[in-house]
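Structural overview
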Amino acid sequence: MALRTRAVLVHRRTELDELLDRHATRGQAEFFLRTRGRTLAEVEARHEAAASARRAVAASVPSDWALAEVERADLDRFLFAPEDVVLVVGQDGLVANAAKYLDQQLVVGVNPEPGANLGVLVRHEVESVAEIIDNLAAPQGGANQASFAALLCDELTMVHARLDDGQELRAVNELFLGHPSHQSARYTLAVDGGSERQSSSGLIVSTGTGATGWCASIAHDRGGRRLPEPTDPALAWFVREAWPSPITGVTMTEGVLDDDRELVVTVQSDRLVVFGDGMEADRLEVSWGQEVRIGVAERRLRLL
């Protein structure tokens, strides 16, 4: 018997939610905003737009599908099923936050702000969601039929880091490896048969999706480099501010990895961290002597 399709609506708390948590009442939140030249009305308008978008997307889910909602802070505790269709209502960063917990589920990025520019990952207006779900639910194009989904999806490359103790982390945009307070990180870097002991501000390893962000800034500062496209099975990597000394080098500071190659980092600091897509709270910690392997992830983000 076929499993029942479930729509998982992913969202994040609004600025109003966070202000009320911090200041307890609307009056106190309004005073806080006013002292910074802002109004509560604009914050409430964005809150209502987000809430309205979530209601509209939820109402688009067919009655024979299951429906679940998960807030960003709970993603690491939510169990996604293979038959899920993931409806992310928010900005590009929310799609990236969700992607690391997925394994080939179909993702639909929904823009909650009418008239706002669509992002790289959030590609659909709220008004188009009902039609999208109707097409997915149609017998000739069920959500679990790979042939149908392949016509509509981009298979976006992801990057992974694997520790020698078995821990893993994936990201859609980029991974950072370095000191938790961005001080000097010490390690040995190995790639393509060569190795070098380095002291730097850390490493950035970016997918083609992330090549318009942090990675693009570094590439620009180095005179411009060709960066991968989002669906290319390749990653761009950069060492930040490598420090030359009698025992540390600066000759291996950038490159491109295809899907058969890895960066191997052997830690020579007391404590370094690895995190993805700017989510510093969701990170791996590595200590002296541990090895981190970074390369193209086996999983891809299936984005409608």
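Heads up: these notes are all about the structure in this document. (Residues numbered from 1 in each chain as written. Predicted model: local features only at pLDDT ≥ 70, side-chain atom pairs only at ≥ 80, totals over all residues. Heavy atoms only, no water.)

This part is about the packing of helix 1 (residues 15-23) against helix 3 (residues 40-59). One way to put it is that helix 1 packs onto helix 3 with a least axis distance of 8 Å and a crossing angle of 125 degrees. Classified by the interaxial angle, the pair formed by helix 1 and helix 3 is oblique. On helix 3, the residues that touch E15, L16, D17 and L19 of helix 1 are L40, V43, E44, R46 and H47. In the contact of helix 1 with helix 3, the residues fall into four nonpolar, one polar and four charged. (Axes fitted to C-alpha atoms, helices over the stretch in contact; angles between N-to-C directions. Helix = DSSP H or I, 4+ residues; strand = E, 2+ residues; numbered from the N terminus. Parallel < 35°, antiparallel > 145°, perpendicular 65-115°, else oblique. Contact = heavy atoms within 4.5 Å. Nonpolar A, V, L, I, M, F, W, Y, C, P; charged D, E, K, R; others polar.)

This model, assessed by the stated rule, comprises three aromatic pairs. Between F176 and W214, the aromatic rings sit 5.8 Å apart at their centres with planes inclined by 15 degrees, giving stacked as the arrangement. Taken as a pair, F176 in strand 8 (residues 174-178) and W214 in helix 7 (residues 214-221) lie far apart in primary sequence, 38 residues in all. By relative accessible area, F176 is classed as buried at 1%. When its relative accessible area of 30% is taken as the criterion, W214 is described as partly exposed. Aromatic pair F176 and F275: ring centres 5.2 Å apart, planes at 40 degrees, arrangement tilted. Residue F176 is located in strand 8, and its partner F275 is located in strand 15 (residues 272-276); the two are separated by 99 residues in the primary sequence. (Phe/Tyr/Trp six-rings, centres within 6.5 Å; stacked < 30°, edge-to-face > 60°. Buried < 20%, exposed > 50% of the residue type's maximum accessible area, 1.4 Å probe, protein only.)

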